[in-house]
Amino acid sequence: MLKAVRGTRDLLPPDTDLWNRVEAKVRDVLARYNYHEIRTPVFEDTQLFSRSVGEETDIVSKEMFTWEDRARAESEKAQSLTLRPENTAGVVRAYIEHGLYKPGTLQKLYYIGPQFRRERPQKGRYRQFYQIGAEIIGPPSAGSESPARDAEVLEMLATLLDEVGLRAWKLELNSVGCAEDRLRYDKALREALRPVVGQMCADCQRRAETNPLRVLDCKVLEDQPIIEKLPRISQYLDEACRGHFAAVRMMLDEIGVTYSINERMVRGLDYYTRTTFEFTHGGLGAQSAVLGGGRYDGLSEALDGPKAPGIGFAIGEDRLILALQSQGGQPAGRVQAFVAPLGAGMNRHALKIARELRRAGVTADMGDEEFRLKKSFELAEKAGASYIVIVGENEVAADKFAVKDLASGEQVSVPRAELPEFLRK
Ligand code: AMP
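Residues numbered from 1 in each chain as written. Predicted model: local features only at pLDDT ≥ 70, side-chain atom pairs only at ≥ 80, totals over all residues. Heavy atoms only, no water.

Novice: Is there a simple way to explain the environment of Phe245 in this structure?
Specialist: Relative to the helices and strands, Phe245 is located in helix H9 (residues 239-255). The class for Phe245 is buried, based on a relative accessible area of 7%. Separated by 57 residues in the primary sequence, Phe245 and Ala188 place their C-alpha atoms 21 Å from one another. Look past the residues within four positions of Phe245 in its chain and what remains in contact with it is Leu173, Asn174, Ser175 and Ile261. (Helix = DSSP H or I, 4+ residues; strand = E, 2+ residues; numbered from the N terminus. Buried < 20%, exposed > 50% of the residue type's maximum accessible area, 1.4 Å probe, protein only. Contact = heavy atoms within 4.5 Å.)

This is the structure:
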């Protein structure tokens, strides 16, 4: 038997009802904050990710689905392509490619879609997973660098999680400084690592040489006590970065969004600058991060674009759904009416009634004239219907239909024109 590939999965009803409800709510909240949707391709030139996410990150060095796309004609070139492991790089590429900086205003863009990483699959971690993300990007003159953008994004996320019904989420905050701070921190890390790196895992030994910041992403248990003793980024922030972070925190305090500071959170992607953050939820087990994000003031320039500071986030939609399900009590989508044709020749009448109901906004399903009444009742109950509408010869002749409330057992006769209103109750 053929099965879905390791790390991928089918999303089935009734779970997909919850996915759709969450997406509808998210679109509604994002629209209120004046975000607009962007859709970028699922695969991109491999360089886009190595130049933005960074060569030495786990994502680029171990987890990408990359292939050589052969030239198929004289006019084509062979090219290394990669299934997108994240979407910020694609959005910033599109921002540059289409000159979205030209109006000189902030662009507020969001996306919903699949991402691909070859990670070890476990609960909440898949090789194809879904992210809901958004970016605010623009020239500094439009206010893109202001700490108010950071606070606005974090406030929106708090509202969004509240509105989708997630309870007891936690926000962790850090600042990873600007490029100059990172150079100084890099130097301090190299010095601190020199005497201890021999005791660390092979990955850390390599990272200590190539990109010591990524040592902080290490998940190997034995390395943790060593990492705990390494210098902290907060000691290396310059005055501007310190002030920026203080302003973000002050605004969050002012509007009442609670957070804690986690100085080890450097978020496994190289493009982050200044504010980084994660929202976690207790119902997720080991993979507790529901979403992550941060500022990326140099990303556009790293991709040959103009100066365009930005800040964004990506919600792990699979994890958001798991977290909501761990809270229990998600009502299933409800069928309001089950239309039951009774006897030969009644299918066409039932179809007509169902059509009228559906056009009037009633959620309706229907049986078949081949079914006995008992079977129609069973099907209506399985569908979770509130009412069954019986369409038999007498009903059609009288243009009045027997409607039974499946919860109370009460049955009444309802004129055709009054059916939608009656069933919507
Ligand atoms: P990142 O793009 O690494 O900053 O991740 C942002 C969010 O995406 C994380 O907080 C997770 O919720 C989610 N995420 C990342 N990788 C995976 C994965 N392999 N499977 C499921 N969700 C993921």
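Novice: Any chance you could explain the site of the ligand here in plain terms?
Specialist: What surrounds the ligand is a group of 16 residues, the closest being Arg117, Glu119, Tyr126, Arg267 and Ala289. At a separation of 2.7 Å, a nitrogen atom of the ligand approaches a polar side-chain atom of Glu119. Isolated, the ligand exposes 490 Å² of accessible area, and the fraction of that covered by the protein chains is 92%. Considering each element in turn, the shell around the ligand owes the most residues, four residues, to strand S10 (residues 289-295). For the shell around the ligand, a count of residues per class yields seven nonpolar, four polar and five charged. (Near = heavy atom within 4 Å. Polar contact = N/O pair within 3.5 Å; in protein donor to acceptor, adjacent residues only side chain to side chain. Areas by Shrake-Rupley, 256 points an atom, 1.4 Å probe, with all protein chains shown as cover. Nonpolar A, V, L, I, M, F, W, Y, C, P; charged D, E, K, R; others polar.)

Novice: Please explain the layout of surface pockets as it appears in this structure.
Specialist: Space inside the second largest pocket adds up to approximately 400 Å³. Cys178, Ala179, Thr273, Asp297 and Gly298 are the residues nearest the centre of the second largest pocket, which is lined by 22 residues in total. Only helix H2 (46-54), helix H6 (179-193), strand S9 (273-281) and helix H10 (299-302) provide two or more residues apiece to the lining of the second largest pocket. When grouped by side-chain class, the residues that make up the lining of the second largest pocket number seven nonpolar, five polar and ten charged. (1 Å grid on protein atoms, 1.4 Å probe; cavity = no way out; pocket = protein on both sides within 12 Å on 5 of 7 lines; lining within 4 Å. Points joined across faces, edges and corners; volume = space filled by probe spheres on them.)

Novice: When you look at the packing of helix H1 (residues 15-32) against helix H5 (residues 147-164) in this model, what are you seeing that I'm missing?
Specialist: In a pair of packed helices, the angle between the axes and the distance between the axes together describe the arrangement. Between H1 and H5, whose axes approach to 10 Å, the crossing angle comes to 145 degrees. Here the hand of the crossing between H1 and H5 comes out right-handed. Of H5, the residues touching H1 (which contributes Val22, Lys25, Val26, Val29, Leu30 and Arg32) are Met156, Leu160, Glu163 and Val164. (Axes fitted to C-alpha atoms, helices over the stretch in contact; angles between N-to-C directions. Left-handed = near helix turned anticlockwise from the far one by under 90°.)

Novice: How should the side chain of Thr88 be read in this particular structure?
Specialist: Within the fold, Thr88 resides in helix H4 (residues 88-97). Discounting residues that sit within four places of it in the chain, Thr88 has contacts with Tyr111, Glu135, Tyr271, Tyr296 and Leu299.

Novice: Can you help me understand the packing of aromatic side chains in this one?
Specialist: To describe a pair of aromatic rings, one takes the distance between the centres and the angle between the planes. Applying the stated criterion across every chain, the model contains eight aromatic pairs. Each ring, one from Tyr271 and one from Tyr272, has its centre 5.0 Å from the other, and the planes form 65 degrees; the classification is edge-to-face. By relative accessible area, which is 6% here, Tyr272 ends up buried. Where Tyr387 meets Phe422, the ring centres are 5.5 Å apart and the plane angle is 55 degrees; that geometry is what we call tilted. Here Phe422 lies in helix H15 (residues 419-424) and Tyr387 lies in strand S14 (residues 387-391), a separation of 35 residues in the sequence. (Phe/Tyr/Trp six-rings, centres within 6.5 Å; stacked < 30°, edge-to-face > 60°.)

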